[in-house]
Amino acid sequence: MALKYNPQEIEKKWQERWAAEHIYEVTEDSSGTKFYALTMFPYTSGDLHIGHWYAMAPSDVYARFKRMQGYNVLHPMGFDAFGLPAENAAINHGVHPYDWTMKNVEHMRHQLKSIGAIYDWNREVVSCLPEYYKWTQWFFLKFYHAGLAYRAKAPVNWCPRCQTVLANEQVVGEGFCERCGSQVTKRDLEQWFFRITKYAEELLDFSHIDWPERIKIMQRNWIGKSEGAEISFGLEHEGVEQKEIRVFTTRPDTIFGVTFFLLAPEHPLVPQLTAPERRHEVEKYIAWCRRQTEYERTAMGREKTGVFLGSYVINRLNGERVPVWITDYALLTYGTGAVMGVPAHDERDLEFARKFNLPVRTVIAPPGWSGKEPTEAYADSGIMVNSGEFSGLPSEQGYDAICNLLERKGWGKRTVTYRLRDWLISRQRYWGAPIPMVYCNKCGIVPIPEEDLPVLLPSDAEFKPTGESPLKYCQTFVSTICPECSGPARREVDTMDTFMCSNWYFLRYTSPKTDDAPFEAEKLRYWLPVDLYTGGAEHAVMHLLYARFFIKAIRDIGLVDFDEPFRRLFNQGTIIYRGDKMSKSKGNVIAPDEYVAELGADAVRGYLMFIGPWELGGEWSDSGIVGVSRWLNRVWSLVETGYTSQAAELKAEKELLHVTHKTIKRVTEDLERFRFNTMLAGLMEFTNYLSRMQELGNISASLWQEAITYLLLLLAPTAPHLAEELWARTGHPYSIHNQSWPKWDEELIKEEEITLVIQINGKLRDRLLVPVSITEAEAKELVLERERVKAYTHGKKIDKIIYVPGRVVNVVAR
Ligand SMILES: [Zn+2]
Ligand SMILES: [Zn+2]
């Protein structure tokens with residue numbers, strides 16, 4: 001009797017052999033078509049859970065499939081190793097972030113190896129190592145010299161609990177810290193920014209990439225392009241030098257409806273425009289606003305607040321004096337920090353006018369307008385009224401006419417604004433790549449020369465949650481010499497946002513050992529752009545937007561010659577357990593290790609793909625994985641039991657060929673579409689079919705062998721260890737993973753066809769050619785779609801449809 005399937009033994013054995021024989025190492029082979037299959041590198045949190053495997057196992061299956069199809073496949077793995085949790089571990093447990101991180105890397109590498117993936121471990125990158133972050137710093141310098149990095153004081157999102165500045169993208173929901181859930185507040189700090197806004201327009205162009213629609217929509221909304229006009233309002237205020245304030249509006253056609261003018265409380269002109277008798281109230285209000293989050297300030301339906309400054313601006317189009325107010329819903333971070341109040345045509349402005357008894361003047365007439373004050377703001381187009389020489393024009397025409405006038409008079413211009421802000425990359429943290437700049441009293445801001453990189457993190461920093469970088473208190477780090485004048489200077493103590501590290505890790509995989517450049521140009525040219533990028537959709541407006549910006553920026557710097565990093569993007573769904581997304585805090589995390597130890601990596605891989613369509617995810621169940629494990633056991637015994645041919649029958653052999661080639665086609669097409677679950681269903685059906693053949697023994701032994709060979713080849717990407725073992729046991733030369741993907745023969749999958757007779761109430765009315773394997777439901781559906789059947793049953797009620805398999809479909813209708 002055959003041996004029992006023992007995944008623990010065979011998985012270890014083959015993993016060792018694959019590693020020893022370097023089977024998955026790849027080079028730039030110019031004869032083969034390259035395929036760069038990239039999976040988002042994991043954050044070094046300490047443990048891989050099933051959610052990680054759900055990102056990695058199916059993408060490995062796909063990479064293996066492409067490899068067998070003859071592509072030269074690069075499918076690397078590494079670690080996103082800088083970031084807050086390492087530093088928090090240092091604060092809470094007294095472990096150095098480096099030690100904490102590298103211990104996690106080691107553990108996770110071990111876990112990742114148990115997946116049995118085709119990762120070429122020679123290419124591993126770890127973003128917190130100096131040989132990597134040296135180049136992260138090098139890119140910073142390139143950005144600086146190209147005018148893409150600058151320093152500015154700005155109000156920043158501040159998490160009081162994490163004691164750090166957060167990027168806008170890291171503020172979630174109603175103004176909460178993405179990491180710890182605390183309410184985010186504001187602070188002013190000198191920071192480093194990257195000029196991502198320079199690329200706003202190009203980032204809106206998705207025409208050369210195949211990405212999910214929802215990610216494109218999220219990026220488009222995040223960039224938030226609006227077209228409109230910038231309009232100058234006159235300012236004649238004693239003691240104020242500035243003679244105008246500019247506002248951005250998407251509706252210049254409503255300019256005659258302006259009845260008040262709003263400034264953000266933080267607007268620099270506010271102190272000067274505040275009348276002495278208003279000062280006390282204004283200052284009180286500003287202090288109150290500073291305590292609000294941006295989300296609270298702009299939330300719809302929130303009660304409007306504001307204070308009159310006691311001063312006016314001039315609407316140049318009608319010469320009116322317009323009172324200036326401050327309100328929290330005017331944001332300094334959007335447009336110019338000023339808003340023209342048009343209550344008749346903007347909901348929030350109308351609420352504001354109602355609250356403070358300000359006039360409401362309709363200037364775009366809604367259809368059937370009675371001339372009365374509106375009950376709600378009318379934001380659509382219409383005929384212009386109360387608009388001087390423009391009255392009577394359709395508002396679309398008025399828009400152009402007013403813009404033309406503004407431009408002619410020099411009072412404004414057509415313009416475009418974006419919601420996108422420049423990317424704040426400074427973090428007041430230790431565990432990140434130090435920003436390679438120094439401050440010299442004589443020379444000012446001075447970049448570190450490239451040849452002096454890396455600026456190493458000192459190992460002796462102290463970790464205290466002070467809100468300032470621990471580097472600030474590390475004198476050996478801070479005190480340095482100015483590269484320009486050799487005088488004493490101070491180092492920048494902030495580190496870079498870790499999204500800077502993940503901007504380029506996929507470039508480094510192409511030449512991870514190169515030490516005189518971030519990558520070798522030739523190798524990069526061969527592998528990039530990435531052909532398929534897989535990972536979670538939660539990265540839509542952070543990593544996935546920053547990486548696009550980064551590539552465009554270094555393209556303009558002359559380092560690469562392509563425009564987009566990731567040609568195709570696929571977001572896997574989420575694995576649910578006990579009704580919830582797995583997370584440590586909810587305590588519903590499933591560790592893959594015990595399942596691997598008990599049922600084998602192949603079973604875990606298979607089950608994860610069987611759970612549902614990859615982009616949707618599904619619910620983990622212990623009985624489900626046992627089912628997949630049983631199937632693998634059946635495959636094992638099917639092959640190991642062997643086959644004895646009783647008497648070969650032509651019909652049975654023909655059918656076997658037909659089923660085999662249909663399976664090859666189905667598995668191939670399902671893999672191409674990431675339909676792993678239906679692919680596995682197809683393989684399971686094929687296994688069952690072969691089991692029946694085995695019992696009947698009515699095909700030749702050679703045909704049996706051929707069918708088994710195909711089964712193993714189709715199984716190889718999903719269950720690489722089992723397939724390799726059975727490949728060897730059936731006498732094939734090592735390795736199955738160097739075999740070509742099977743091709744199906746169209747001739748063999750052609751269905752035999754038969755003619756169905758179609759009757760209506762027993763009378764022959766039509767005939768239909770169908771495949772012999774047609775099901776009753778399919779036949780009925782096809783018949784009801786026939787034009788002649790529709791004609792004969794028109795106006796009648798179909799009582800029933802009688803199906804005589806392979807012969808007649810009788811439609812009974814009254
Ligand atoms: Zn926080
Ligand atoms: Zn100097």
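The structure displayed is predicted, hence computed values, not measured ones. (Residues numbered from 1 in each chain as written. Chains lettered and ligands numbered in written order. Predicted model: local features only at pLDDT ≥ 70, side-chain atom pairs only at ≥ 80, totals over all residues. Heavy atoms only, no water.)

**Here's the deal with the sheet that holds strand β32 (residues 808-813)**
The four strands lie next to each other as β30-β29-β32-β31, forming an open sheet whose pairing is mixed. Of all strands in the sheet, those with a lone pairing partner are β30 (763-771) and β31 (798-804), marking the two edges. Averaged over all pairs of adjacent strands, the angle between strand axes in this sheet comes to 20°, irrespective of strand direction. When strand β29 (residues 753-760) meets β30, the two strands line up antiparallel, connected through eight bridges. Each bridged residue has a counterpart across the sheet, and for Glu-753 the counterpart in β30 is Pro-771. (Pairing = 2+ DSSP bridges. Helix = DSSP H or I, 4+ residues; strand = E, 2+ residues; numbered from the N terminus. Axes fitted to C-alpha atoms, helices over the stretch in contact; angles between N-to-C directions.)

**Things to note about the packing of aromatic side chains**
If you walk through the whole model with that rule in mind, you get 54 aromatic pairs. Pairing Tyr-329 with Phe-352 gives two aromatic rings, centres 6.0 Å apart and planes at 70°, and the pair type is edge-to-face. Of this pair, Tyr-329 sits in the loop between β12 (320-326) and β13 (338-341) while Phe-352 is found in helix α11 (residues 347-356), placing the two residues 23 residues apart along the sequence. An identical accessibility class is assigned to Tyr-329 and Phe-352; each is buried. When the ring of Trp-423 is compared with that of Phe-549, the centres are 6.4 Å apart and the planes differ by 75°; the resulting orientation is edge-to-face. Of this pair, Trp-423 sits in strand β17 (residues 423-424) while Phe-549 sits in helix α16 (residues 543-557); the two residues are 126 residues apart in sequence, bridging distant segments of the chain. Here the two residues Trp-423 and Phe-549 agree in accessibility, since each one is buried. (Phe/Tyr/Trp six-rings, centres within 6.5 Å; stacked < 30°, edge-to-face > 60°. Buried < 20%, exposed > 50% of the residue type's maximum accessible area, 1.4 Å probe, protein only.)

**Observations concerning the nonpolar core**
Membership of the largest hydrophobic core comes to 188 residues, with the highest contact counts inside it found for Tyr-505, Phe-506, Leu-507 and Trp-620. Looking at this core element by element, the count peaks at 10 residues for helix α22 (residues 701-715). Once you skip the residues sitting within four places of it in the chain, Phe-506 turns out to touch Tyr-36, Leu-38, Leu-528, Val-530, Ala-547, Ile-551, Pro-565 and Phe-566. In terms of nonpolar packing, the next biggest core, distinct from the first, is built from 37 residues, Val-240, Val-258, Leu-309 and Val-322 among them. (Core = buried A, V, L, I, M, F, W, Y, C linked by side-chain atoms within 4.5 Å. Contact = heavy atoms within 4.5 Å.)

**Brief notes about the environment of Leu-405**
By secondary structure assignment, the location of Leu-405 is in helix α12 (residues 395-409). Residue classification places Leu-405 among the buried residues on the basis of a relative accessible area of 9%. Along the chain, Leu-405 and Leu-317 lie 88 residues apart, while their C-alpha atoms are 9.2 Å from each other. If we ignore the near neighbours within four places in the chain, the residues touching Leu-405 are Leu-317 and Phe-390.

**Focus: the coordination of the zinc ion (ligand 2)**
For the zinc ion (ligand 2), the full set of protein donor atoms is Cys-440 (SG), Cys-443 (SG), Cys-482 (SG) and Cys-485 (SG), and the range of their distances to it is 2.2 to 2.3 Å. Bound by four donor atoms, the zinc ion (ligand 2) shows angles of 104 to 113° at the metal and therefore tetrahedral coordination geometry. In the primary sequence, the donor residues of the zinc ion (ligand 2) line up as C-x2-C-x38-C-x2-C. Judged by its relative accessible area of 5%, Cys-440 is buried. Cys-443 sits in the partly exposed class, given a relative accessible area of 29%. (Donors = N, O, S within 2.8 Å, 3.2 Å for Na, K, Ca; no water. Tetrahedral: all angles 85-135°; square planar, octahedral: opposite > 155°, others 65-115°.)

These results come straight from atomic positions and should not be treated as a statement about function.
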